[in-house]
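Given next are the chains, with one letter for each unit.
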Amino acid sequence: MKKIGFLSFGHWSDGPHSLTRTASDALLQAVDLAVAAEELGVDGAYFRVHHFARQLTAPFPLLAAIGARTERIEIGTGVIDMRYENPMYMAEDAGAADLIAGGRLQLGISRGSPEQVVDGWRYFGYQPSEGETDADMARKHAEVLLTVLEGKGFAQPNPRPMFPNPPGLLRVEPHSPGLRERIWWGAGSNATAVWAAQQGMHLMSSTLKNDEGGAPFHVQQAEQIRAFRKAWAEAGWQREPRVSVSRSIFALTSDLDHAYFGDDGDSTDKIGYIDADTRAVFGRTYAAEPDVLIEQLAGDEAIAEADTLLLTVPNQLGVDYNAHVLESILTHIAPALGWR
């Protein structure tokens, strides 16, 4: 059994073919798509966070709104850039959103990706300590968040508070029990996947990763997943780890599908650089008639290793079309591959 969710970047633009023209459109349509996805039986609604961009940024109001409109579907991020985050305030926001959703938050975080601006986190008031990189800063923020989410008191109470305090040291409120065990790390390399396992975070692996050996993307990603699971077992965690992979998958079942994605049938992995020093391999897009698609996906080693598949959706094509994309996968693809 495999959980199937969607991952939206929440783009908006006023281009002639966009049905998502404003930030308001992107947010409200994200809520509507999550509601529609739950009705279809989709397991998760996940959203990417990119600052200084015309796409979804502040995730917690959106997650809370979806939590209030849905009952079953997992709600998550994929991922939040921890270079920009105050972990204390983030713990409050995440706790509140998780309580509104009844404990359905699956929070994906990471050290971040290439940005729209140079060192954007500096505008948010953050700067690495002497001798540290921005990636070190992100991991420090993540470690503080994990500690705070455990719910243990650490702050000295005021002897003359405005309102009565419970006994002992105080913690960040609201605290949502169990959220600490639903934090995921977006890992771009094998080493960071191992680090995530050591911290007790689940693994989120995207449609790209550092090129570590030159093998096809799905093979390298499967190796990353196996390294993560091995490190998890060695760390001695008593709960089961989860692993998600993201894919762009389109079942061509209508003329409109062919018009939008028919030319992607010959897609292959690509090599590029996400910064001056990091060579990355980018996974292909899968677009074909259902019988061909089933055969192609059956050979994807990383999908086989993961327990959760996140389908990237072209959100600017509108809620109705994206619901159709999800329904096509659930109807024509998932049963044939034993995913449901």
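## Brief notes about the packing of aromatic side chains
For the structure shown, the criterion picks out 10 aromatic pairs. Centroid distance W185 to W195: 4.9 Å. Interplanar angle 70°. Geometry classified as edge-to-face. Separated by 10 residues along the polypeptide, W185 in strand β6 (residues 183–186) and W195 in helix α5 (residues 190–199) bring together distant segments of the chain. The pair formed by W185 and W195 is uniform in burial state, with each residue classed as buried. Within the aromatic cluster, the residues linked to one another by ring pairs are F52, Y84, Y123 and F124. Lying over the aromatic face of W237, R239 brings its terminal NZ or CZ to 5.3 Å of the ring centre.

## Overview of helix α1 (residues 23–40)
Along its 18 residues, α1 runs 26 Å from first to last C-alpha, staying within 8% of the 26 Å computed at 1.5 Å per residue. When we look at burial in α1, the residues that qualify are A26, Q29, A30, V31, L33, A34, V35, A36, A37 and E38. Next to the buried residues of α1 lie β1 (3–8), β2 (44–47), α2 (59–69) and α10 (319–333). Just beyond α1, the residue with positive phi is G41, at close to 100°.

## Digging into the layout of surface pockets
Space inside the largest pocket adds up to approximately 1,200 Å³. Along the wall of the largest pocket there are 48 residues; nearest its centre are R48, S113, P114, S206 and L208. Looking at the lining of the largest pocket, the elements that each hand over two or more residues are α4 (134–149), β6, β7 (202–205), β8 (208–210), β9 (243–251), β10 (270–275), β11 (278–282) and β13 (308–312). Of the residues that constitute the lining of the largest pocket, the class distribution is 16 nonpolar, 23 polar and nine charged. Its volume calculated, the second largest pocket comes out at about 240 Å³. As for the second largest pocket, its lining consists of 15 residues, of which A58, P59, F60, E85 and D93 are closest to the centre. Elements with a contribution of two residues or more to the lining of the second largest pocket: α2 and α3 (87–100).

## What about the sheet that holds β8?
The strand order across the open sheet built from three strands is β8-β11-β10, with neighbouring strands paired in antiparallel fashion. Strands with a single pairing partner mark the edges of an open sheet, and in this sheet they are β8 and β10. Each neighbouring strand pair of the sheet contributes to a mean axis angle of 35°, computed without reference to strand direction. Examined bridge by bridge, β8 and β11 share three bridges and lie antiparallel to one another. The residue bridging K209 from the neighbouring strand is V281, located in β11. This element, helix α6 (residues 217–235), spans β8 and β11 of the sheet and lies at about 70° to β8.

## Things to note about unusual backbone geometry
V79 follows G78 through a cis peptide bond whose omega is 15°. Mapped onto the elements, V79 comes out in the loop between β3 (74–77) and β4 (80–81). Cis geometry is adopted by the peptide bond preceding P174, which originates at E173 and carries an omega value of 0°. Considering the arrangement of structural elements, one finds P174 in the loop between α4 and β6. Look at F52: it is not a glycine, yet its phi comes out positive at around 60°. Its location among the elements puts F52 in the loop between β2 and α2. Look at D119: it is not a glycine, yet its phi comes out positive at around 50°. Within the secondary structure, D119 is located in the loop between β5 (105–110) and α4.

Analysis parameters
Residues numbered from 1 in each chain as written. Predicted model: local features only at pLDDT ≥ 70, side-chain atom pairs only at ≥ 80, totals over all residues. Heavy atoms only, no water. Phe/Tyr/Trp six-rings, centres within 6.5 Å; stacked < 30°, edge-to-face > 60°. Helix = DSSP H or I, 4+ residues; strand = E, 2+ residues; numbered from the N terminus. Buried < 20%, exposed > 50% of the residue type's maximum accessible area, 1.4 Å probe, protein only. Lys NZ or Arg CZ within 6 Å of the ring centre and 35° of its normal. Expected span 1.5 Å × (residues − 1). Contact = heavy atoms within 4.5 Å. 1 Å grid on protein atoms, 1.4 Å probe; cavity = no way out; pocket = protein on both sides within 12 Å on 5 of 7 lines; lining within 4 Å. Points joined across faces, edges and corners; volume = space filled by probe spheres on them. Nonpolar A, V, L, I, M, F, W, Y, C, P; charged D, E, K, R; others polar. Pairing = 2+ DSSP bridges. Axes fitted to C-alpha atoms, helices over the stretch in contact; angles between N-to-C directions.

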